[in-house]
Amino acid sequence: MQATLLRSVQVLATILVTAFLVVPMVLSLMAGVTVNYFQGILRSGVTLQWVAEVWALYADTILLSLKIAIATLAATLAIGVPAAYVLNRHPSRLSRAIEEIVTLPLAIPGLAIALALLISYGSAGEFRKSWAFILVGHVLYTLPFMIRAVMAVLASIDARTLEEGAASLGAGPLQRFLHVILPNIVPGILAGSLMVVTLSIGEFNLTWMLHTPLTKTLPVGLADSYASMRLEIASAYTLVFFLMIVPLLVGLQIFGSFLGGAGPSGSSRKGKHP
Amino acid sequence: MTSATRFSVILILPLTIVVVAFFLLPMAELFARSFVSRNGGITYAEILATPRYLSSLGATLIVAALTTVITLALSTLVGLLLARSRFPGRSLLLAVLTFPLAFPGVVVGFLVILLAGRQGLIGEVTRLATGEKLVFAYSMTGLLVGYLYFSIPRVLLTIVAAAEKLDPALEEAARSLGAGPWRVLSDIILPALRPAMLASGALAFATAMGAFGTAFTLATNIDVLPMVIYTEFTLNANIAMAAALSIVLGLITWLALAIARQASGASVAAAG
Amino acid sequence: MTSGVSISVAGVGKTFADGTQALRPVSIDVAAGEQLAILGPSGCGKTTLLRIIAGLEHPDRGGAVLFDGRDVTRLPIEKRNVGMVFQSYALFPNMSVIDNVAYGLRVRGMARQARHAEARRVLDMMRLSELSQRRIDQLSGGQRQRVALARALAMKPGVLLLDEPLTALDAALRDELRAEIDALLRSLEITTIYVTHDQAEAMVLGDRVIVMEKGGVAQAGSPRDIYFKPANTFVAGFIGSMNRIDGPITGGMLACPAGHLPVRAADAASASVRFRPESAKLVPAGQGGLTLEIERVHFLGATQRVYLRHAESGLALIVDGNSRLDLVPGTKVGLAVDPSNFIML
């Protein structure tokens with residue numbers, strides 16, 4: 001009797017939570033392809049005109065977001081992968097401290113970091129005006145995810161022993177890194193990369209503060225359309241965003257097991273701020 | 001320096017430069033600029049003396065705390081069920097429930113509007129049922145709904161993962177000793193999930209404290225702390241006050257996460 | 001592959017970051033081509049010593065490691081030309097078996113064809129040819145172990161270091177590989193240092209055995225010496241089983257509650273004599289020097305282990321003997337020990 005009561009409450013809660021999370025997504029997708037949302041999709045019919053209009057109005061924000069995401073990925077690969085390797089290779093108090101500092105941008109609201117960047121570099125003319133300014137924010141915010149994903153794989157393959165094996169066969173530091181470490185951490189790099197691109201495309205908190213009228217990203221454009229465009233266009237724009245992000249999320253589901261504590265489903269200890 | 005050490009130093013150099021130049025130094029400057037207010041006073045004293053700042057701090061804490069409690073309660077109920085049952089479409093359901101994790105706050109705000117805004121689903125349903133439209137998107141309630149929207153997936157998945165790792169023999173042992181389902185839940189399962197609940201709960205709290213996009217989309221007059229910081233900085237150009245409030249906000253979120261980590265880490269050690 | 005290097009370790013010690021002493025200053029010499037086994041319980045410092053010889057750790061309290069008289073103390077492992085077999089094998093998952101075995105030659109800049117030919121030769125020698133294209137995760141534990149050994153040998157090292165190479169395998173496989181490794185190493189005449197906590201492995205594979213305890217050398221000697229002439233009570237207790245009888249010695253006779261035993265020792269008010277379980281003989285009650293009661297008999301196939309007890313004093317002894325002898329617990333028996341079999345410490 002007790003058991004069935006508990007179970008009924010659980011089933012009910014599951015249905016409610018699922019509906020709560022899924023229904024708004026469906027509403028948004030529907031609204032993006034409805035001729036007139038007031039009349040409803042059944043009465044007014046289905047159209048792609050709003051999606052076309054979004055492309056005409058906001059294509060530059062979509063392209064800039066892609067550009068920044070790719071640049072963020074390149075930077076986190078170049079900075080994060082070697083750093084993760086070193087932090088794994090030399091476990092010490094200093095390494096722990098560096099890891100803590102690198103992870104701090106997740107514990108501090110993006111608004112505060114953006115403010116700090118604006119105060120320090122706001123007067124740096126060209127840099128302030130360029131998309132590189134947004135890139136810096138995205139790199140700070142996504143680096144910990146790349147580093148943790150790679151460190152999780154390094155720990156799981158016992159990289160230190162593999163490297164000792166290579167060293168015993170005469171391989172120097174660079175050879176060990178290129179021949180033995182890199183090929184064996186590809187899954188972690190892949191998972192970290194998917195995470196970085198996903199987060200970069202969706203980042204709003206930092207970007208809203210750092211952008212200029214000439215450097216609007218997709219989420220900035222979304223905020224813009226929510227405030228000033230008709231519901232169908234805002235929905236169509238959101239639809240475009242979903243289309244960009246869902247393949248990445250599916251990829252993350254597949255490779256997510258390598259993310260360990262850094263993954264969306266892992267018991268990550270630090271915050272991230274939508 | 002051996003060649004291996006030199007190699008390691010070279011590899012970690014880019015990280016060091018980026019973090020120092022674009023994070024540590026700017027944060028230090030933010031901190032330095034946060035003390036003296038525009039009119040020559042001490043900002044932190046002004047915060048304590050200004051009701052608007054204090055009430056927004058209080059409102060933010062309340063919304064974040066409510067988000068955390070409701071999210072934990074719902075996610076534990078649902079998470080335990082999902083961790084233990086196998087049904088067709090289970091992995092698809094889990095995948096779909098993950099999606100909101102990657103939505104920016106502005107999108108979540110828009111989804112709340114679609115749900116509970118002036119043209120929202122809930123408004124339509126209540127109008128048909130009672131003749132009166134129920135609209136709550138553009139208020140603290142709407143904000144809370146938005147925060148639940150992006151907190152539940154993260155906490156839920158953490159709890160599912162933790163519950164899947166639970167040894168079923170523990171529960172079987174407790175039942176063999178005569179414990180009923182509620183006792184098993186309170187004496188065995190919840191204590192075992194405590195570290196995961198603490199960690200993900202603190203994460204939900206910190207995220208709700210610092211979230212900006214959702215409030216920004218819903219209404220400009222929702223006075224949560226991030227909105228106040230934004231207003232101080234952009235509309236009032238009060239940089240010192242924006243900096244001071246950011247430091248306060250950053251300290252609260254950092255502290256919440258640090259305490260949760262300490263507590264969950266300690267309990268993990270005690271259990272092991 | 002025939003000329004091994006000689007190794008000399010002089011006063012080498014290591015302290016861990018937390019202040020515990022992993023290795024007290026230790027000195028050992030290994031002749032070219034010698035097979036040395038380092039034996040000891042976990043935490044005795046044997047792996048640290050091996051890693052210092054390998055160049056994976058560096059001594060922090062002075063001292064030197066010499067290869068053929070050349071000081072290599074500060075050289076990293078990749079410049080020492082040592083072959084090493086790791087407890088976890090450290091095979092590279094991203095490479096096939098043959099690429100693993102050829103890796104040392106690749107690093108030296110040997111062309112692909114030449115190094116694969118050489119790797120194939122080593123794989124042939126170890127009867128692993130049919131595995132050459134396999135991935136590492138397709139190998140069994142025993143196969144991995146042999147590939148790891150082949151990989152270390154392929155670069156013709158001056159010294160081969162093995163760190164608990166058989167520990168991860170099950171007992172039957174361990175016995176088989178132990179014999180195989182021994183035959184291979186003896187045919188190669190390579191200087192070998194073999195670290196293990198398993199005394200049978202140490203005795204089979206070591207021309208000489210070094211027993212370590214608490215970061216220092218407890219005894220160094222031939223397996224025979226270590227077994228029959230242990231230098232101290234630790235070695236006596238760590239290797240094999242040992243009986244001990246305490247009592248006064250007067251006129252070449254040791255007195256104990258269970259009777260008297262002839263010993264070759266001077267008079268003493270209190271003394272301890274030790275002997276191995278297989279050094280004693282069971283005789284009919286009253287005929288040996290001691291009389292005890294059979295408590296339990298464990299039949300082991302080729303031999304049986306008999307647990308004896310003297311009820312009044314609690315003296316307990318074990319004797320290994322012919323398993324065809326049918327002994328009944330509760331019977332009284334006599335025990336005789338030849339005086340030459342006593343170990344006096």
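Reading the values: rules and limits
- Residues numbered from 1 in each chain as written.
- Chains lettered and ligands numbered in written order.
- Predicted model: local features only at pLDDT ≥ 70, side-chain atom pairs only at ≥ 80, totals over all residues.
- Heavy atoms only, no water.
- Helix = DSSP H or I, 4+ residues; strand = E, 2+ residues; numbered from the N terminus.
- Buried < 20%, exposed > 50% of the residue type's maximum accessible area, 1.4 Å probe, protein only.
- Contact = heavy atoms within 4.5 Å.
- Areas by Shrake-Rupley, 256 points an atom, 1.4 Å probe, with all protein chains shown as cover.
- 1 Å grid on protein atoms, 1.4 Å probe; cavity = no way out; pocket = protein on both sides within 12 Å on 5 of 7 lines; lining within 4 Å.
- Points joined across faces, edges and corners; volume = space filled by probe spheres on them.
- pLDDT = per-residue confidence, 0-100.
- Pairing = 2+ DSSP bridges.
- Axes fitted to C-alpha atoms, helices over the stretch in contact; angles between N-to-C directions.
- Salt bridge = Lys/Arg side-chain N within 4 Å of Asp/Glu carboxyl O.
- Polar contact = N/O pair within 3.5 Å; in protein donor to acceptor, adjacent residues only side chain to side chain.
- Nonpolar A, V, L, I, M, F, W, Y, C, P; charged D, E, K, R; others polar.
- Core = buried A, V, L, I, M, F, W, Y, C linked by side-chain atoms within 4.5 Å.
- Patch = residues over 30% accessible without salt bridge, like charges linked within 9 Å, V, L, I, M, F, W, Y side chains within 5 Å.

Colleague: For this particular structure, what's the right way to read the overall build of chain A?
Modeller: When its secondary structure is counted, chain A shows 13 helices and 0 strands. Each helix and strand of chain A, ordered N terminal to C terminal, gives the series α-α-α-α-α-α-α-α-α-α-α-α-α. With the principal axes as the frame, chain A shows a C-alpha extent of 75 × 70 × 30 Å. The 274 residues of chain A split such that 62% are buried. Considering only intrachain contacts with a sequence separation of at least 6, the fraction spanning at least 24 residues in chain A is 76%. When the accessible area of chain A is evaluated, it comes to approximately 10,200 Å², of which 70% is carbon and sulfur surface.

Colleague: What am I meant to see in the layout of surface pockets here?
Modeller: A water-sized probe, rolled over the atoms, reveals where empty space remains. The space that makes up the second largest pocket amounts to roughly 750 Å³. In terms of lining, the second largest pocket is formed by 27 residues, of which the most central are A:Arg89, A:His90, A:Arg160, B:Ala4 and C:Leu56. Broken down by element, the lining of the second largest pocket gets its largest block of residues, 5 residues, from helix H1 (residues 3-32) of chain B.

Colleague: Is there a simple way to think about the confidence of the model for chain B in this case?
Modeller: Atomic detail in the predicted coordinates should be set aside for any region of low pLDDT. All names here are of chain B. On average, chain B scores 88 in pLDDT, and the residues at 70 or more come to 96%. For chain B, helix H12 (residues 239-271) is the element with the lowest average pLDDT, namely 79, and helix H3 (residues 51-84) is the one with the highest, namely 94. Predicted confidence is poor over residues 266-272, with pLDDT under 50, and the contacts of this stretch with residues over four places away or in other chains come to 3 contacts. Predicted complex metrics record ipTM = 0.87 and pTM = 0.85.

Colleague: Before we go on, may I ask you to explain the sheet that holds strand S6 (residues 82-85) of chain C in this structure?
Modeller: Neighbouring strands of a sheet are bound in pairs by backbone hydrogen bonds; such pairs are parallel or else antiparallel. All names here are of chain C. Read across the sheet, 6 strands follow the order S6-S7-S8-S3-S9-S10 without closing on themselves; strand pairing throughout is mixed. Each of the sheet's edge strands pairs with one partner strand only, and the pair in question is S6 and strand S10 (216-221). Each strand axis lies, on average, 20° off the axis of its neighbour in the sheet, ignoring direction. Set on the sheet, helix H4 (residues 141-154) makes contact with S6 and strand S7 (159-163); between it and S6 the angle comes to about 175°.

Colleague: Honestly, the interface of chain A and chain B in this entry has me stumped. Any pointers?
Modeller: Where interface size is quoted, it is often the accessible area lost as the parts come together. Taken together, the 88 residues of chain A in the interface contact 82 residues of chain B. If you look at where chain A meets chain B, you find 1 salt bridge. The residue A:Glu100 makes a salt bridge to B:Arg261 at a minimum N-O spacing of 3.2 Å. The interface formed by chain A and chain B includes 8 residue pairs in polar contact (both at pLDDT 80 or more). Looking at the side of chain A that touches chain B element by element, the count peaks at 20 residues for helix H1 (residues 2-32) of chain A. Partitioning the side of chain A that touches chain B into residue classes produces 63 nonpolar, 19 polar and 6 charged.

Colleague: Just to check I follow, could you spell out the pattern of salt bridges for this structure?
Modeller: Note on pairing: side chains with opposite charge can pair once their charged atoms come close. Taken as a whole and assessed by the stated rule, the structure comprises 32 salt bridges over all chains. Between B:Glu164 and B:Arg90 there is a salt bridge; the shortest N-O distance is 2.6 Å. You can see B:Glu164 sitting in helix H7 (residues 140-165) and its partner B:Arg90 sitting in helix H4 (residues 90-98), a full 74 residues away along the chain. B:Glu164 gets classed as partly exposed once you look at its relative accessible area, which sits at 41%. Note that C:Asp207 is salt-bridged to C:Arg186, the shortest N-O span being 2.8 Å. Taken together, the residues span a long stretch of sequence, with C:Asp207 in the loop between helix H6 (199-205) and strand S9 (208-213) and C:Arg186 in helix H5 (residues 171-188) at a distance of 21 residues.

Colleague: Please explain the nonpolar core as it appears in this structure.
Modeller: Generally speaking, soluble globular proteins have nonpolar side chains that are buried together. Core analysis: the biggest nonpolar cluster contains 172 residues, and A:Ile147, A:Phe241, B:Leu15, B:Phe103 and B:Phe216 have the highest contact counts within it. With residues up to four places along the chain from it excluded, the contact list for A:Phe241 reads A:Ile201, A:Gly202, A:Leu218, A:Leu222, B:Ala102, B:Phe103, B:Pro104 and B:Val107. Residues C:Tyr89, C:Val101, C:Ala102 and C:Ala148 belong to the second largest nonpolar core, which totals 34 residues.

Colleague: Teacher, can you tell me more about a nonpolar patch on the surface here?
Modeller: Taken together, B:Leu251, B:Trp254, B:Leu255 and B:Ile259 make up a surface patch of nonpolar side chains, about 410 Å² in accessible area. Relative to the elements of secondary structure, B:Leu251 occurs in helix H12.

Colleague: What's the story with the environment of A:Thr18 in this structure? I'm lost.
Modeller: Secondary-structure assignment places A:Thr18 in helix H1. Taking C-alpha positions, A:Thr18 is 36 Å from A:Leu154, a pair spaced 136 residues apart along the chain. In this view, A:Thr18 contacts A:Val23, B:Leu93 and B:Leu97; residues no more than four positions away in its chain are not counted.

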